[in-house]
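Analysis of the macromolecular model
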Amino acid sequence: MINITAHSDFSIHNLPFGIFSTKGSAPRVGVAIGEHVLDLKAVVDLGFLNISPEVVAQPSLNAFIALGKQTTKTVRQVLQQWLQQEDSLLYAHPNLFYLQKEVKMHLPVEVGDYTDFYSSIEHATNVGSMFRDPNNALLPNWKHLPVGYHGRASSIILSGTDIYRPKGQLLPEGAAQPVFQPTAKLDFELEMAFIVGKENPLGTTISTAQAEEYIFGMVLFNDWSARDLQKWEYVPLGPFLAKSFASSISPWVVPLEALEPFRVNGPKQVPAVLPYLQFEGKKNYAIELTVGLQTPDGITHPLVQSNYRYMYWNMVQQLAHHSSNGCNIRVGDMMASGTISGKTKNSFGSLLELSWGGKRPLKLKNGMERCFLEDGDRISMHAFAEKEGKRIGFGEVTTKIYPAL
Ligand code: CA
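These numbers were taken from a predicted model, which means no experiment stands behind them.

Examining the environment of Thr295
Looking at the element boundaries, Thr295 is found in the loop between strand S20 (288–294) and strand S21 (300–307). Classification of Thr295 as buried rests on a relative accessible area of 1%. Separated by 105 residues in sequence, Thr295 and Lys400 have C-alpha atoms that sit 9.8 Å apart. With near-sequence residues (within four places) excluded, Thr295 lies in contact with His301, Leu364, Asn366, Met368, Arg370, Gly376 and Asp377. Here the side chain of Thr295 touches Asn366 through a polar contact of 3.2 Å, side chain to side chain.

Some words on unusual backbone geometry
Pro236 follows Val235 through a cis peptide bond whose omega is 0°. With respect to the secondary-structure elements, Pro236 resides in the loop between helix H6 (227–233) and strand S16 (247–249). The omega torsion across Val270 and Pro271 is 5°, close enough to zero to call that bond cis. Mapped onto the secondary structure, Pro271 falls in the loop between strand S18 (263–264) and strand S19 (284–285). Even without being a glycine, Leu15 presents a positive backbone phi close to 50°.

Here's the deal with the coordination of the calcium ion
Binding of the calcium ion to the protein goes through Asp116 (OD), Glu189 (OE), Glu191 (OE) and Asp223 (OD), at separations of 2.2 to 2.3 Å. Site description for the calcium ion: donor spacing in sequence, D-x72-E-x1-E-x31-D. Residue Asp116 is found in strand S6 (residues 114–117), and its partner Glu191 is found in strand S13 (residues 190–196); the two are separated by 75 residues along the sequence. Pair check on accessibility: Asp116 and Glu191 agree, each one buried.

Things to note about the sheet that holds strand S2 (residues 28–33)
Strands sit in the order S4-S3-S2-S1-S5 across an open sheet of five strands; the sheet is antiparallel. Since the sheet does not close on itself, it has two edges, and those belong to strand S4 (97–99) and strand S5 (104–106), each with one partner. Going from strand to strand, the sheet's axes swing by 45° on average, the running direction of each strand aside. Examined bridge by bridge, strand S1 (residues 17–21) and S5 share three bridges and lie antiparallel to one another. In the strand pairing of S5, Ile19 is matched with His106. Helix H4 (residues 69–83) rests against S1, S2, strand S3 (36–39) and S4 of the sheet, and its axis sits at about 75° to S1.

As for a positive patch on the surface
Residues Lys231, Lys345, Lys359 and Arg360 make up a contiguous surface patch of positive charge. Assignment of secondary structure puts Lys231 in helix H6. By relative accessible area, which is 48% here, Lys231 ends up partly exposed.

Considerations on the pairing of S21
As judged from the seven bridges shared by S20 and S21, these two strands associate in the antiparallel manner. Bridged to Val291 within S21 is Val304. From the end of S20 to the start of S21, which pair antiparallel, there are five residues, and Gly298 there has a positive phi angle of about 90°.

Digging into the domain arrangement of the chain
Split into domains, the chain comes out as domain 1 (17–106) and domain 2 (114–402). The straight-line distance from the C-alpha centre of domain 1 to that of domain 2 is 30 Å. Listed per partner, the contact involves 17 residues of domain 1 and 17 residues of domain 2. Where domain 1 abuts domain 2, roughly 1400 Å² becomes buried across the two surfaces, and 68% of that area is made up of carbon and sulfur atoms. The largest share of the area that domain 1 buries against domain 2 comes from Phe17, Ile65 and Lys69, three residues that together contribute 43% of it. Our count for the domain 1 to domain 2 interface comes out at one salt bridge. With a closest N to O distance of 3.1 Å, Lys69 and Glu257 form a salt bridge. Linking domain 1 with domain 2 are four residue pairs in polar contact (both at pLDDT 80 or more), by the criterion used here. Every element with two or more residues in the side of domain 1 that touches domain 2 is listed here: S1, S2, helix H3 (62–65), H4 and S5.

Thresholds, definitions, all that
Residues numbered from 1 in each chain as written. Predicted model: local features only at pLDDT ≥ 70, side-chain atom pairs only at ≥ 80, totals over all residues. Heavy atoms only, no water. Helix = DSSP H or I, 4+ residues; strand = E, 2+ residues; numbered from the N terminus. Buried < 20%, exposed > 50% of the residue type's maximum accessible area, 1.4 Å probe, protein only. Contact = heavy atoms within 4.5 Å. Polar contact = N/O pair within 3.5 Å; in protein donor to acceptor, adjacent residues only side chain to side chain. Donors = N, O, S within 2.8 Å, 3.2 Å for Na, K, Ca; no water. Pairing = 2+ DSSP bridges. Axes fitted to C-alpha atoms, helices over the stretch in contact; angles between N-to-C directions. Patch = residues over 30% accessible without salt bridge, like charges linked within 9 Å, V, L, I, M, F, W, Y side chains within 5 Å. Areas by Shrake-Rupley, 256 points an atom, 1.4 Å probe, with all protein chains shown as cover. Salt bridge = Lys/Arg side-chain N within 4 Å of Asp/Glu carboxyl O. Lys, Arg positive; Asp, Glu negative; His and termini not counted. Charge placed at Lys NZ, Arg CZ, Asp CG, Glu CD. Domains from an automatic or database assignment. Buried area = accessible area lost by both parts, 1.4 Å probe.

Pasting the structure below:
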């Protein structure tokens, strides 16, 4: 039997999927359980599961996810049973299991398109207050549609991949002319993202009632941002190079089924939304989120404690809106929530909000101050949900910042 500690992110209730490799072997599909990875390809090769070996021998989850929710759900349920049986055939083959610390993780999906929403009312209000008018922070469209933009899929990177401070064009305070230099306002954004598991043909739409069928699972998402580049470039078409240099994700994709016990109601939407965005049931999830900053001296400072349940717009609304014009979405597409802020100051999901645009430096316990990130800083995000003895976690997304090249 696999021994799982009470605080493990990867309990029997979770069983997230990812792509891993061991020394000298090709990347393939695995399942996280406790401190271990179950080699799903090896399980299929032994004939224990009735799915094609090719599907789990791929360097991404796309082909596995494309089998459809009926199949992936069944695989998860069967594994859940087997892993709890002491006399299970799985345990007769100890070479099916590896320690997580001994394997290399890879990007879990090949992301075709990446969309970033802007769905936290607290975040949108904070940003609107800073950049525009505190008394009129939300733009007129905000409560009527889940605002979003098309991001860059090629620079989605795995947790543990370091980034270099990006350079770009910005307008220094009070200057008449822009300059090109490394960003002085490098920031993180605490987000979660969902991965699409089913495609809709071009010209068709996905209703809020159908949307969950199209969502395979979720990861933690850090949407890196260069605030000075963003401020200069974003009018009128929205974020471009201030966001496209990197976005970091956690390696394990938590299936939507694992989040079932943690459903909650979201904030009441007033005014009422248009019919195509209306939905029934609990469509938010209570997921605790934290961000820690490790300064170059090695000391870790807790920065943020937020919760995914605060989201004003939920995933089924995001997906219904995304496809409402007949846009086809595809397996492996990634849709991020937007920065997840709450009402209290320690729940703000970016340094832009925590330091209020750089006006209120954060005083850290080692005597350092931060408005934005410095070279050598490391940002680590964690997420978990817990209820009635069931705990599932997302692992970690951690990234260190190096000086501009
Ligand atoms: Ca974002």
